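Report on the structure
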Amino acid sequence: MHKSENYYYMEALVSRLLADDVDFIKVQEKYYRILAGISGEEKLHRVLADYHFKDDATILYNFECVNEKGFSHEIDAIVLTTRFLLIIEVKQISGTLFYKPLFHEFARLTEEGVLENFPNPFDQAFRHQLFLSHQLSKWSIQLPVLYIVVNANIRTKLDQSLNNSPIIHLSGMPLFLEKLYANHHETSVDLEHLKNKLKSLSCRLPPKMKVESHRLRKGVLCVKCQFQNVMYYHFGLWICSQCGEKNKDAIYLALHQYRILINDRITNRELREFVGIESKAVASKLLKRLKLKQLGSGRGVYYLIPDDILERRI
Ligand SMILES: [Zn+2]
């Protein structure tokens, strides 16, 4: 499944942010929330894969784009059929959910009894609906644009105050789709054309936060020790000083994280500082072995860390 730039950034940040950083807990919480969101999307994926769509249908997951006014849209899933376009907003919030429609106020009560307000998913989905309706009419495509909020956590309780709101548990998705099919007629919309229009609109949104490099831990971190310990370089091998793990390819993950958190280009000096190698010659040899593309000349030489660096592991 296609994951957002924000996910990759937070995944790298959570193992690199210094433990005494002011934002350490906040970053961990945000990362866990992103993981919960992904787990909800995966559940939706399974339910929709199992569902038998009547005619041609296409699903775009994690649709990201920027609108004409410069604001971003992140849509969990868009179901395209020749009868309707359905926006799906997946939620994975635990506890009991409440709604005050008059005020557009959405809240949850945790199992510990804490009541807190949440961003209103109906308003979020409605905003996507307005935007996509506007796009479709701009493209002269006539298709009803609908939305539904889907709760993917079976333990979540939906309070009666949500009775008249477009929210259902994920298990109700097949019946919900059947009803949409029953209530909407076939149109002559060219799905392939619509899909291509939407794809040309989509982009990768940048990470939502950016942390300065001095707040990050340096070093090649040991995966076996859950990134807690730093490995040192000794004759072509990375060795963990704590658990004794030895391998050649721990550097790839470190460079992947460097690329995501700091920069996709690195100089010999920056590499030595980041991974803790003292000798310039040793670092040069390592860079050669990693086959990173070398650019610039003389004192301005730097290397490009490719986006598939992790797949290059031996
Ligand atoms: Zn270790």
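What counts and what doesn't
- For every chain, the first residue of the written sequence is number 1, and numbering continues from 1 along that sequence.
- Reporting of local features is limited, given that this is a predicted model, to residues whose pLDDT is at least 70; pairs of side-chain atoms are given and counted only at 80 or more, and all residues count toward the totals for whole chains, interfaces and linings.
- Side-chain metrics rest on all non-hydrogen atoms present in the structure, leaving aside hydrogens and water.
- Type-normalised accessible area, obtained with a 1.4 Å probe on protein chains alone, sets the label of each residue: buried when under 20%, exposed when over 50%, and partly exposed for intermediate values.
- Secondary structure elements follow DSSP: runs of H or I of four or more residues count as helices, runs of E of two or more count as strands, with numbering from the N terminus.
- Note: the arc covers the axis-to-C-beta directions of the helix.
- Residue ranges labeled as domains rest on an automatic or database domain assignment.
- We call two residues in contact when some of their heavy atoms are within 4.5 Å.
- Here's the idea: put two parts together, see how much 1.4 Å probe accessible area each one loses, and the total over both is what we call buried area.
- When DSSP locates at least two bridges between a pair of strands, those strands are taken to pair.

- The protein is annotated in an unreviewed UniProt entry as NERD domain-containing protein from Solibacillus faecavium.

1. A word on helix H7 (residues 268-275)
- All of the buried residues in H7 are Asn268, Leu271, Phe274 and Val275. Down the axis of H7, the sector holding all buried residues measures 130 degrees, keeping them to one side.
- Of the residues flanking the end of H7, it is glycine 276, one or two places downstream, whose phi is positive at about 75 degrees.

2. A look at the domain arrangement of the protein
- What the domain assignment lists for the protein is domain 1 (5-201) and domain 2 (218-312).
- Just the C-alpha atoms count here: the centres of domain 1 and domain 2 sit 38 Å apart.
- With 6 residues of domain 1 at the contact, the number on the domain 2 side is 10 residues.
- For the pair domain 1 and domain 2, the two sides together bury roughly 720 Å², of which 61% comes from carbon and sulfur.
- For the domain 1 face of the interface with domain 2, the top three residues by lost area are Tyr9, Ser15 and Arg16, together amounting to 73%.

3. Description of the pairing of strand S1 (residues 57-66)
- Here S1 lies mainly inside the structure; 7 of its 10 residues are buried.
- Here 9 bridges tie S1 to strand S2 (residues 72-81), and the two strands are oriented antiparallel to one another. Paired with isoleucine 59 across the bridge in S2 is valine 79.
- The antiparallel hairpin formed by S1 and S2 contains 5 residues in its connecting segment, where glycine 70 sits at a positive phi of about 90 degrees.

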